[in-house]
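Okay, here's what each chain looks like letter by letter:
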Amino acid sequence: GSVTSAESGALERAAEAALRPRRLDEFVGQQVVREQLSLVLDAATGRGRPPEHVLLSGPPGLGKTTLAMIIAGELNAPLRITSGPAIQHAGDLAAILSSLEEGEVLFIDEVHRLARPAEEMLYIAMEDFRVDVVVGKGVGATSIPLELPPFTAVGATTRAGLLPAPLRDRFGFVGHLDYYRPAELHEVVARSAVRLGVPLASEAAAEIAGRSRGTPRIANRLLRRVRDWAQVRGSGQLDLAAARAALEVYEVDESGLDRLDRGVLQALCTRFGGGPVGLSTLAVSVGEETETVETMVEPYLVREGFLTRTPRGRMATSLAWEHLGLAEPDPVRG
Ligand code: ADP
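Looking at an unreviewed UniProt entry, one finds the protein chain named Holliday junction branch migration complex subunit RuvB and attributed to Brachybacterium hainanense. Per UniProt, the protein chain carries the Catalytic activity (unreviewed entry) text "ATP + H2O = ADP + phosphate + H(+)".

Written as structure tokens, this is what we have:
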């Protein structure tokens, strides 16, 4: 993968964990969600009850996991972390649910990817604090209802619309995270630099912020690559020159597009004449999973005006042709 869209490995997860804000007031940006969430948490604490279930939606890397951890932290509650794809069978979920402590926060990442039986078990548990444990097999199987202590589910999804309505309706609060503004990302990397103990020049922070696709995860990742560059090739100073040089090594361009982003645009323009072409065809042509292109690549390209979605498929915009330095075909003759 490329520097901005690589799947997280164990090392990266550790590096990320070190940079996670721990409290709501250290969480940069997302003013609206922060305010809403703080009301939900304070009200619940005031009543001495666990808060309602929380659904967080938004593109990868915008802080959903971080917020789930902050929620548990602010409530002084234990946190259990799992994900839709990690739960293969309803029995896996039953095991988790039946071992929850009172007030525990259960974070389910990619909750839209739960298999149907697990999904049904989850919304019954969320609504009635009950799980039906099936004992035995075949005609002799019986289901025994098991009472659960009150807990708070925090679900994360890339789009709230991906969740079936019965599950979505069980979340009392839905927070939508949007891409961050450069000034906010500037603050994110400045804080991260302090945590990493490296001196980051303000112009370097601005350069990183402007090329991080509105995403704190990418901003922190680029900061670490700039730090590497400064240490190995530079003078140790994280200044503008070091930032630009590192971003060039990692093929992040002035618009913040990385290799995969450009690969998708390039394929769209050169192999499919600018489209329209279906997303899965486009994904195959760059050797990526459809979901990767759909969640990690496309939203930013759309937002920045490089790509549009039409009923007949994806299309490159004039800006895309221009960005790649290609001549746009004459639309009149199409
Ligand atoms: P998601 O779960 O949405 O994919 P994460 O919560 O894992 O995203 O965040 C990815 C990285 O970005 C983490 O290292 C986190 O510390 C950082 N991050 C995300 N949002 C913020 C924020 N608002 N302020 C500071 N750092 C953030």
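Engineer: Tell me about the UniProt feature "binding site: Mg(2+)" (unreviewed entry) in the protein chain, and name the residues and values.
Structural biologist: Sites flagged by UniProt as "binding site: Mg(2+)" (unreviewed entry) map to Thr65. Along the chain, the position of Thr65 falls in helix α3 (residues 64–75). Apart from the residues within four sequence positions on either side, Thr65 is in contact with Asp109 and Ala156.

Engineer: Outline the nonpolar core, supporting the account with residue identities and numerical values.
Structural biologist: One recurring pattern in soluble globular proteins: nonpolar side chains tend to sit buried together. One finds Ala68, Ile71, Leu93, Leu106, Leu122 and Val154 to be the most contacted residues of the largest nonpolar core, which totals 34 residues. Elements with a contribution of two residues or more to this core: β1 (54–57), α3, α4 (90–98), β3 (105–109), α5 (116–128) and β6 (152–157). The leading source of residues in this core is α3, at six residues. Sequence-distant contacts of Val154, defined by excluding residues within four places in its chain, comprise Val54, Leu56, Ala68, Ile71, Val105, Leu106 and Phe107. Listed in part, the 25 residues of the second largest apolar core include Val188, Val226, Ala243 and Leu247.

Engineer: Now, about the site of the ligand: what can you tell me, with residues and values included?
Structural biologist: Close to the ligand lie 20 residues; Gly63, Lys64, Thr65, Thr66 and Pro216 are nearest. For the shell around the ligand, the secondary-structure elements that each account for two or more residues are α1 (10–19), α3 and α9 (216–232). Looking at side-chain class alone, the shell around the ligand contains nine nonpolar, seven polar and four charged residues.

Engineer: An account of the UniProt feature "binding site: ATP" (unreviewed entry) in the protein chain is needed here, citing residue identities and associated values.
Structural biologist: Using the residue numbers shown here, the UniProt feature "binding site: ATP" (unreviewed entry) corresponds to Leu19, Arg20, Gly61, Lys64, Thr65, Thr66, Glu127, Asp128, Phe129, Arg170, Tyr180 and Arg217. Considering the C-alpha atoms alone, the annotated residues occupy 199 residues of sequence and remain spread out, their largest mutual distance being 36.8 Å. Structurally, Gly61 can be placed in the loop between β1 and α3. If near-sequence neighbours (up to four positions away) are discounted, Gly61 is found in contact with Thr215, Pro216, Arg217 and Ile218.

About the cut-offs
Residues numbered from 1 in each chain as written. Predicted model: local features only at pLDDT ≥ 70, side-chain atom pairs only at ≥ 80, totals over all residues. UniProt positions renumbered as here; feature names shortened; annotations may be inferred. Helix = DSSP H or I, 4+ residues; strand = E, 2+ residues; numbered from the N terminus. Contact = placed C-beta atoms within 7 Å. Core = buried A, V, L, I, M, F, W, Y, C linked by C-beta atoms within 7 Å. Buried ≥ 20, exposed ≤ 12 C-beta atoms within 10 Å, placed from the backbone. Near = placed C-beta within 6 Å. Nonpolar A, V, L, I, M, F, W, Y, C, P; charged D, E, K, R; others polar.

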